[in-house]
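Below, each chain spelled out in residue letters.
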Amino acid sequence: MSPEIHIPVRIEGETATIFAGDYINKLSGERIERECQRQINAGCKTLIVNFSETELVNSIGVSILLGVIDVAANAGAKIVFSDINENTIELFDTLGLTNHVEVLPN
Amino acid sequence: MLENQQKLIHTFGALADLGQEVAHKQNFQEMIRTSLHLVLGSLAIMRGGVARYSRFGHELNMLVMRGLGDNFPLSLSLCYEDERQFLANGLAPIEVKHAQVLPFVQIYDRSFESKKIELVIPLIIRDELVGVIFLGEKATGEPFTGYDKDIICAMARHIGVGIAQRNLMAELERRAEENRHLYEDLRTTYKDTVKAFAAAIDCKDKYTEGHSERVGKYTEIIAGELGWDNDHVEGAAIAGYLHDVGKLVVDRNIINSPTRITASENAQLSKHPTVGYEILLPIHHPYADVPLAAKYHHERLDGRGYPDGLHDREIPFIAKIVNLADSFDAMTTDRPYKRRRKSEEVIEDMHRNSGKQFAPELVTAFCRAMLKELTNERKEKRFRKILGKDYLEADKIVPLLKNVLNARNATSPLTFVAAE
């Protein structure tokens, strides 16, 4: 059985900050996706995904983040990526993820 | 350059993960779900889905979708022309905007347009269409490059193989199930034939009508009590049903003679085990010992039986079981020359002849089975059904059976060791 991964969330008004873990793969990615969906359903208008702990994002992680972007766009919510390290931001730029989100500088 | 390198590492990582996913995942649905994630994530494709092709329904059934919403069709019909075009195209991405000639694209054009489906990849494995992958636009908004398409092809091949394997397994399971049914039918036919044979044998003898069937049932009880598995118990029962098949060639007047038969008549009757063996031997039985049971069921442990006068260990075990069952039935049914014996006498007879005519461990097993029924340890009343409800009187028989079993235990090697 997979270990339960805790996703810390900070809520301020209509803004929810979701703290991604050190490695965004299928397991942790699906938790992030569920949490984002939950916050959007709860009426959150801005969703910040904080990558300060994130070292690596694999392909499944990218697919899941695209899903989060899609869900947020359909719900009219704004999505923000923050505290992304150099490697990850390069990857997101190359793949075009940053075209769909606001990126906050470190 | 660095950007390309990172993209390459990311993509190849996805390819490697996909290979592992297809090779090791036991759960098919989960494998497909993860595979779609890997395809979408490797090139950052906004949405997509994987469908499996049903040859019988001529339709694509969506297995997994991401970002396609609730309105995307879960099942898409294909016509012969679509299938032909897919097969001609092979496993390579088809750009939807250049594929308006496909009837299927014409039908589902609106769904594809609303979800910005750009590529359709037919999954062709060993010249067979097994499914289709639908892919939306890239997150960069740029068109798919030749490199992208090569990567997609490589990944699609893995997914196609995964679906083909699953189809193959499903087909194997279906055929195995079909074979199981056929085998069961064959078994039933075999058992019915055996029973019909047994009835034909018993028809020759008005006094012993049902004898073969009863011997079959007693044999089954003994084998079951010995702890044999179901197949062997069934084999033993068959041996019991057919043990007297050789009587088919014995003159009916000899079998039905109300008086003691002559020496020459007896000689003819005594041939029935060997004749039975010869009848049964050429038949390919699922149970090898059936002919042996017919041949040796009149042998005795002390060597005074027939046809070969074998001793104890020379006698096949199945023949010893049938011998006991046969004798028990002879003692417990009316014959032309004498009435059936009382149950107490029969049990005493079996006990007395244990080690002479009957194998002691079989007498024990038979008595134990009877005791279990009379003391309600076993709910099914098999003896009562055969012998009638009044024949075995529990208050008389139970102490007798216990004595026989105790006596048998006292002579077992284990008891001697304990006593020493």
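Structure shown above.
Residues numbered from 1 in each chain as written. Chains lettered and ligands numbered in written order. Predicted model: local features only at pLDDT ≥ 70, side-chain atom pairs only at ≥ 80, totals over all residues. Heavy atoms only, no water.

## So, a nonpolar patch on the surface
Residues and elements named next belong to chain B. Basically, it comes down to this: What goes into a patch is any residue over 30% in relative accessible area without a salt bridge, connected to like charges within 9 Å or, for nonpolar side chains (Val, Leu, Ile, Met, Phe, Trp, Tyr), within 5 Å. Under the convention used here, a 1.4 Å probe and the Shrake-Rupley method define accessible areas, while residue burial counts only the protein chains that appear. Salt-bridge detection follows one rule: a side-chain nitrogen of Lys or Arg within 4 Å of a carboxyl oxygen of Asp or Glu. Numbering of helices and strands runs from the N terminus; a helix is a DSSP stretch of H or I covering at least four residues, while a strand is a stretch of E covering at least two. Using a 1.4 Å probe on the protein chains alone, a residue whose accessible area is under 20% of its type maximum counts as buried, one over 50% counts as exposed, and one in between counts as partly exposed.
Together, Leu8, Phe12 and Tyr147 line one region of the surface with nonpolar side chains, adding up to about 270 Å² of accessible area. Among the secondary structure elements, Tyr147 is positioned in helix H5 (residues 146-203). Judged by its relative accessible area of 32%, Tyr147 falls in the partly exposed class.

## Focus: helix H3 (residues 80-89) of chain B
Residues and elements named next belong to chain B. Rules: Arc definition: directions from the helix axis to the C-beta atoms. In this description, contact between two residues means that some pair of their heavy atoms is separated by no more than 4.5 Å.
Taken residue by residue, H3 has Asp82, Glu83 and Phe86 as its buried positions. Around the axis of H3, the buried residues are gathered within 95 degrees of arc, so they sit on the same side. More than 90 degrees from the buried face of H3, the exposed residues found are Tyr80 and Ala88. Packing partners of the buried residues in H3 comprise strand S1 (48-54), strand S4 (94-95), helix H4 (103-114), strand S5 (119-125) and strand S6 (128-135).

## Observations regarding the interface of chain A and chain B
So the rule is basically this: The term buried area means the drop in 1.4 Å probe accessible area that two parts suffer when joined, counted for both and summed. Whenever two N or O atoms come within 3.5 Å, that pair is a polar contact, provided that in protein one can donate a hydrogen and the other can accept it, and provided that, for residues adjacent in sequence, both atoms are side-chain atoms. Throughout, the ten residues Ala, Val, Leu, Ile, Met, Phe, Trp, Tyr, Cys and Pro are labelled nonpolar, Asp, Glu, Lys and Arg are labelled charged, and all others, Gly among them, are labelled polar.
Taken together, the contact between chain A and chain B spans 23 residues of the former and 24 residues of the latter. Taking both partners together, chain A and chain B bury about 1,900 Å²; carbon and sulfur atoms supply 53% of that area. On the chain A side of the contact with chain B, Ser59(A), Thr94(A) and Leu95(A) bury the most area, a combined 29% of that side's loss. Linking chain A to chain B there are 4 salt bridges. At the boundary of chain A with chain B, the tally comes to 9 residue pairs in polar contact (both at pLDDT 80 or more). Contributing elements (two or more residues each) for the side of chain A that touches chain B: helix H1 (26-41), helix H2 (59-75) and helix H3 (86-95) of chain A. No other element matches the 9 residues that H2(A) contributes to the side of chain A that touches chain B. Per-class residue counts for the side of chain A that touches chain B are 9 nonpolar, 9 polar and 5 charged.

## Some words on the pairing of strand S6 (residues 78-82) of chain A
All names here are of chain A. Note the following rule: We treat two strands as partners when DSSP finds at least two bridges between them.
Summarising burial for S6: 4 of the 5 residues are buried, a large majority. In this sheet, S6 lies alongside strand S4 (residues 46-50) in parallel orientation, the contact comprising 5 bridges. Note that in S6 the partner of Thr46 across the bridge is Lys78. Bridging between S6 and strand S7 (residues 102-104) involves 3 bridges; their strand directions are parallel.

## Things to note about the sheet that holds strand S3 (residues 75-77) of chain B
Residues and elements named next belong to chain B. One open sheet accounts for 6 strands, arranged S3-S2-S1-S6-S5-S4; its pairing is antiparallel. Every interior strand has two partners, whereas the edge strands, S3 and S4, have only one. With 2 bridges joining them, S4 and S5 adopt antiparallel strand pairing. Of the residues in S5, the one forming a bridge with Glu95 is Leu119.

So yeah, pure geometry; function would need other evidence.
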